[in-house]
Each structure stands twice: as C-alpha cells, then as structure tokens.
Amino acid sequence: MDRAGVRRSLSADHTVVGVFGPTGSGKSSLVNALSGTAAARVAARRPTTSEPLALVWGRHGSDELLDWLDVRQRVELPEGTPLVPGAAIDDGHDDVGAGAAVRNHGDRDQPSSDAGTRATGGAGSGARAIGTKAARRDSGGADGAPRRGFLRRLRRRPAAPSTVHTAPPAPPAEPSDSIPGLILLDLPDFDSTALAHRGVVARLTGQVDVLLWVVDPQKYADAALHHDFLRDLATHEAVTLVALNQVDRLEPEDVGAVTASLSAILAGEGLRNVVVVPVSARTGLGIDVLADQIRALAETRAAATRRMAADAARSAAELVPFAPDQPIRPPSEAAREALGDELGTAAGVQVVVDAVRSSYRRDAHAIAGWPVTRWIAGLRPDPLRRLNLRSRDLAPELRTSSLPFAQPAQRARVDHALRVFGDAAAGDAVEPWRTSIRDAARGTADHVTDDLDSAVTGTDLETGRRAWWSVFGVLQWVAFAALVAGLAWLGVLAVLGFLQLPAIDVPRVEGFPVPTLLILGGLAAGLLLAVLAALLARWGAARRASRVRRRLLAACSRVADDVVLLPVAGEVQRCNAFGSAVRAALSGAENRRWGQRVGSAGGVGR
C-alpha cells in the first residue's frame, strides 16, 4: 500500500516494464531487440547485468520515477522512437542507437556528449562517435545501401507454426509507431551468484508497473522462478507478460509443446490469463508480438493502476483470515440495557434511592409530624447529606459524592460489566478484532468511574419540600394549640381549687367540660394527623424513589453510551470497514480476471 501511494505521486505518463529472468535467458538481448539498440550489455560471462539499466521513451517526468526505483544507469531514446525500429546486432559492443543519450544517476544537468563519454568509457569520441556508428549500421554500411529494420522484415516473415497461444490483439495503433512514456528496465538475474542482484530483483518486483518474465526452453520450469516469484504474484496476471526466448533453438514442431507446457505451469499457479509469447532475440521471431503487448499497456497508461489494484488484491488475500465473513452487528439493545443496569448497581443507585426514600420520610415527619415527637426526627442524620448529595454550595457537575466507587467490590463489578458487554459486542468477530473490541470496552473503566459519580451528583433527586407538608404542619400546630389551651385551662382550675379560691364556671358541651374537650380533641387530632402524614410520607417517598431510580438509571445508561458504547461501536465499525475493504478488493480482482478471460477468449475467437 505504501508503494501504491508513492507511485501515484510520480509520473502517470510512464509505464515501467521490468524485464526479469534467470541466468542465460537472454534478457539483455531481448531488451536490445525491443529497443533497436545495443544499450544492454550482452556477453558470455555470467552474470552479465550487474545493476538495472533503464531505456527511457520520453524523459519528461521520468527522473523522479527512476530515482524512486533507484536506477542509476539510464538511456534516453529520442522523441518518436518506436519499439522494434530496426535490427539490434548483438556484437558485444556497447553502442547505442542514433541520438540516444546515455546518463548515469546525477548527470541529468550535463551535456549529452559528456554523459555519453562517461557511460561508454571513451575519451574524445563522445556521443557523436556512437551516433555515427549506429547511423551507419541503420543506413546499411559503407556502400550506403539501405537496411530494412526488424519491423518491416518481420511483417513479411510467415507466422510461427504454433496454435497453442495467440496473443490478444492490441488496440488500434496511431499512424506513427512512436510509443508514449515507457521505461524498459534490464535487470540482473534473480538466480545470480551475487546476493545483491537477487535483492535488487526482489525489490523491483514490488515497484515496477509491468513484470516481463523472460525464460528459455531449458529453464522455463525452474523452481526458483515459480516458487519464489510467480506463485506469489498470482493476483498480478493483469500486469504480467511471459516471453519464451531462444525458441530458435527448438524444432518448429516443438515450440507449441513447450509453450503449452509453460502455460500449464502458469495456470497451476493462478496465472491462467497470462499469454506466453514465443520469441527469439537472435532471429527476431515474435519480437513484434511482444512489442505490441508492451505498446498496448503503455498506450492505455493503465498499467500503474492495474498494478496498484493487483497489490491491493494480494494484500486483501493475505488479510482474508483476519476479516469477518459477515458484518458484525452493533451491540444489541438488550446488551446496552444490561450494561446500564450493571453500571447503575456499581454506581450505588440503590443506595441513593434508599437515601432519597429515607430523606423524604424524615423531612415529612419533621414538618408534618406531631409537634411533641417531631424533634426526634431532627436527631437522625440526613441520609442524602451523609452521601454529600444535598450540597448547594457547588454546581452539580463540580460536586463529588461519598459513594464507595473506588472500593474493590465496585471496581470489580464495573470491570465485570465491561467485560460482559465487550464479549457481547464482539460476537463472532475473529482475532485480532475480538480482542480489540473487548479491549475497547475494558479500556474505559477509569473514565466510567468518574463519569458515573458525576452522573449521580448531577441527577435531580427532588430534595425540595412538598406542599402538603406545610398544610399538615399548620393543622398540627392548631391541634397542639387546642391541647395546650385545654391543659392550661384545667391547670388554672386546679390552682384555684388548691388555693380555695372561688371557682370559675366552666362551659360545657353536651355535658363535657370545654377544657377536657380541647385536650382530647387536640390530642386525637394531632395523633390522627401524624398517622395520616406518615402514611402519605411513605407513599410519597416510594413515588419519589421510583422517579429518582429511573433518572439515575437513565444517567448511567447515558454514561454507558457516551463512554463505553462509542469506542466499542467505533471499533466494530472499523472491523466491518476492514472486512468490506478486503471483500471489495477481492471482488474487484475477480471481476478484472473475468474481464481479461472474456477478452482473451474474444481475441482468440477473432
């Protein structure tokens, strides 16, 4: 994926074709035949190619791309140079085509003549000598007779007698055979005795846009090629070409059999749609067919995009074991309610509810109870004040309660609730997503504790007075006043009788003295009001406790949603997005393979 990001930022006008192959397969000869130059060194000594060589069609924008590829040896072909423009004689000399500029990395600002001198090792002759020699070779020699190029001769040569594989026709070419931005890389042997060469090949197989594998009839089934490279590139068949070189060494009737054998091996490795092109760099057989394949990729300028898609498909195939088969559903409503209830229990909701109930009855008795005994309520501590839930000197969001959140029992309950919720949210997720989802839930334990305390202190506990308390309080005082008046009246009468003073006539009602009626009436009314107030206080306390319980549980549920559910849901969404991306990459790769298969079948039918 890093490779795709860097490649997208570089030249989109160039298609980089890497020429890979084992020792002695004729990669350099094939590069010379395709380019119509002798830029690639050809010799009997192995290994011949010690570092990558780039043949560049269209220099503009290629320097940054080649710097990223770390290719220092570069041959720039003149504008309008076509593929297979003429014969490239493998005579062992280091000549290049007429007008080509040979540069080393870092020489881009030097004149072409100097660069040519450095590349060829000559002194004094420069690029002009190279150009003159190449021009004589292209013009036919000393007698001035014109020489016909490979492209013209190959068009007159009969086709090779092979019916096993027919390359699909290339898109209609422009009237000119010139090719758009193309970089052809001649690379070291992947089975070279120099370990550094294998490292270069392994690196560039992951960087080039098109992989052109060159094999020969003797080593086309080499295990090092198929096991170490091609088998791992089964998703890259859209950007893979295979050239069976040196077919001139085979009998004409054996070419088809060897080509079919190589195709069967490739199909067994997942490269069913890769066309094997039989070629001979020495005689020119099949060079024009291979050039058409390269030209088609370069003209569409889609090779880089196809390579990125292939890399994505390969990465997706490696990530399939870690992707869920089906999208994971968000945590269910039942799991969320269970989490809220467990957090409410850990937050001490029941303790607060009991305190609210007791505080209501205490306050009601202190106001509406019998005045003779109501002072006793003042001796009992306020349950809400003991929990620091009746403070009025701070805003609710700044207050902290005295609930035992930090005790081991409460922390263990919170951890258990988060663990159960994480397991329910993970569902059938595969590793490492299952562990990741569970950790997302358990990682919120510290925040949950603080937020639960804030939720409890910020909940309206309805600590205010009720209106009926005052009504009962007034009535109690009236009854108490009647009791006191009756007792005072009888007391006065008793004092007068003790002092043998004249008695005062006491009014009577139905024969009962009024003082006695006041005492009995005040006492009975006070006790009756006290009992009625106690019953109403019990009923009102239950209702208040029920409302407070709902508020506290709702507050705990909000904490569960905001602190626990959000990170867990985010992790579930990441897991589902990962699975969707993997499936989309695999589906896109399969669709592209199907399209290529249909296109190849259509090309063969035509």
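Residues numbered from 1 in each chain as written. Predicted model: local features only at pLDDT ≥ 70, side-chain atom pairs only at ≥ 80, totals over all residues. Heavy atoms only, no water.

Engineer: Account for the overall build of the protein, naming residues and giving values.
Structural biologist: The secondary structure content of the protein amounts to 20 helices and ten strands. A total of 606 residues make up the protein; the buried ones form 44% of that total. If you take every contact in the protein between residues at least 6 apart in sequence, the share linking residues at least 24 apart comes to 79%. Accessible surface computed for the protein: about 29800 Å², of which carbon and sulfur atoms make up 57%. (Helix = DSSP H or I, 4+ residues; strand = E, 2+ residues; numbered from the N terminus. Buried < 20%, exposed > 50% of the residue type's maximum accessible area, 1.4 Å probe, protein only. Contact = heavy atoms within 4.5 Å. Areas by Shrake-Rupley, 256 points an atom, 1.4 Å probe, with all protein chains shown as cover.)

Engineer: Just give me the short version of the packing of aromatic side chains, but keep the residues and values in it.
Structural biologist: All chains considered together, the criterion is met by nine aromatic pairs. Judged by centre distance (5.1 Å) and plane angle (75 degrees), the ring pair of Tyr360 and Trp469 falls under edge-to-face. Placement of the pair is Tyr360 in helix 13 (residues 349-368) and Trp469 in helix 19 (residues 467-498), with a sequence separation of 109 residues. Cluster of aromatic residues (ring-pair linked, three or more members): Phe20, Phe190, Trp213 and Phe229. (Phe/Tyr/Trp six-rings, centres within 6.5 Å; stacked < 30°, edge-to-face > 60°.)

Engineer: Go over the packing of helix 16 (residues 408-426) against helix 17 (residues 433-442), please, and point to the residues and values.
Structural biologist: Relative to each other, helix 16 and helix 17 sit at 145 degrees, their axes nearing to 8 Å. The two elements helix 16 and helix 17 cross, and the hand of that crossing is right-handed. When helix 16 is examined against helix 17, the residues Leu418, Arg419, Gly422, Asp423, Ala425 and Ala426 are found in contact with a partner set consisting of Arg434, Ile437, Arg438, Ala441 and Arg442. Residues belonging to the contact of helix 16 with helix 17 are distributed by class as follows: five nonpolar, one polar and five charged. (Axes fitted to C-alpha atoms, helices over the stretch in contact; angles between N-to-C directions. Left-handed = near helix turned anticlockwise from the far one by under 90°. Nonpolar A, V, L, I, M, F, W, Y, C, P; charged D, E, K, R; others polar.)

Engineer: Summarise unusual backbone geometry; cite the residues concerned and give the values.
Structural biologist: Cis geometry is adopted by the peptide bond preceding Pro432, which originates at Glu431 and carries an omega value of 5 degrees. Its place among the elements puts Pro432 in the loop between helix 16 and helix 17. Phi is positive for Gln246, which is not a glycine, with a value near 65 degrees. Structurally, Gln246 is set in the loop between strand 7 (240-244) and helix 9 (252-268). Residue classification places Gln246 among the buried residues on the basis of a relative accessible area of 11%. With phi around 60 degrees, Asn388 is a residue other than glycine that occupies positive phi space. With respect to the helices and strands, the residue Asn388 is situated in the loop between helix 15 (383-386) and helix 16.

Engineer: Account for the pattern of salt bridges, with residues named and values stated.
Structural biologist: If you walk through the whole model with that rule in mind, you get 18 salt bridges. Across the salt bridge formed by Arg544 and Glu462, the nearest N and O atoms sit 3.7 Å from each other. Here Glu462 lies in the loop between helix 18 (445-457) and helix 19 and Arg544 lies in helix 20 (residues 514-605), a separation of 82 residues in the sequence. Two residues, Glu571 and Arg574, come together in a salt bridge whose shortest N-O distance is 3.0 Å. Of this pair, Glu571 and Arg574 both sit in helix 20, three residues apart, which is roughly one turn of the helix. A relative accessible area of 48% means that Arg574 is categorised as partly exposed. (Salt bridge = Lys/Arg side-chain N within 4 Å of Asp/Glu carboxyl O.)

Engineer: Hey, could you go over the environment of Val274 for me, with residue numbers and the actual values?
Structural biologist: Counting through the fold element by element, Val274 comes out in the loop between helix 9 and strand 8 (276-278). Residue classification places Val274 among the buried residues on the basis of a relative accessible area of 3%. In the structure, Val274 is positioned 32 residues away from Val242 in sequence and 7.1 Å away in space, judged by C-alpha atoms. With near-sequence residues (within four places) excluded, Val274 lies in contact with Glu237, Thr240, Val242 and Leu266.

Engineer: I'd like to hear about helix 9, residue by residue, with values.
Structural biologist: For helix 9, spanning 17 residues, the distance from its first C-alpha to its last is 26 Å, which sits close to the expected 24 Å at 1.5 Å a residue. Among the residues making up helix 9, those that are buried are Val255, Gly256, Val258, Thr259, Leu262, Ser263 and Leu266. Against the buried residues of helix 9 lie strand 6 (210-215), helix 8 (223-228), strand 7 and strand 8. Phi turns positive, to about 95 degrees, at Gly270, one or two residues after helix 9. (Expected span 1.5 Å × (residues − 1).)

Engineer: So what's going on with the packing of helix 16 against helix 18? Residues and values would help.
Structural biologist: Where helix 16 contacts helix 18, the two axes come as close as 10 Å, and the packing angle between them is 120 degrees. Classified by the angle their axes make, helix 16 and helix 18 are oblique. For the pair helix 16 and helix 18, the crossing hand works out as right-handed. Contacts between helix 16 and helix 18 involve Arg411, Val414, Asp415 and Leu418 from the former and Ala445, Asp446, Val448 and Thr449 from the latter. (Parallel < 35°, antiparallel > 145°, perpendicular 65-115°, else oblique.)

Engineer: Before we move on, could you go through the confidence of the model for the protein and cite the residues and values that matter?
Structural biologist: As a general rule, the predicted coordinates of low-pLDDT regions are not to be interpreted in detail. Summary statistics for the protein give a mean pLDDT of 76 and a share of 74% for residues scoring 70 or more. Note that pLDDT drops below 50 for residues 107-176; the model gives that stretch 86 contacts with residues more than four away or on any other chain. Segment residues 597-606 is flagged for pLDDT under 50; beyond a separation of four residues in sequence, or across chains, it makes four contacts in the model. (pLDDT = per-residue confidence, 0-100.)

Engineer: Hey, could you go over a nonpolar patch on the surface for me, with residue numbers and the actual values?
Structural biologist: The grouping of Val495, Phe498, Leu499 and Leu501 at the surface amounts to a nonpolar patch, some 430 Å² of accessible area in total. Residue position: Val495 is located in helix 19. (Patch = residues over 30% accessible without salt bridge, like charges linked within 9 Å, V, L, I, M, F, W, Y side chains within 5 Å.)

Engineer: An account of the side chain of Thr457 is requested, with residue identities and associated values reported.
Structural biologist: Along the chain, Thr457 falls in helix 18. On the basis of relative accessible area, Thr457 is assigned to the buried category, the value being 3%. Here the side chain of Thr457 touches Ser454 through a polar contact of 3.1 Å, landing on its backbone oxygen. (Polar contact = N/O pair within 3.5 Å; in protein donor to acceptor, adjacent residues only side chain to side chain.)

Engineer: How would you summarise helix 7 (residues 195-205) if you had to cite specific residues and measurements?
Structural biologist: Along helix 7, the residues classified as buried are His197, Val201, Leu204 and Thr205. Viewed end-on, helix 7 has its buried residues packed into an arc of 105 degrees, placing them on one side of the element. Opposite the buried face of helix 7, at more than 90 degrees from it, the exposed residues are Leu195 and Ala196. (Arc of directions from axis to C-beta.)

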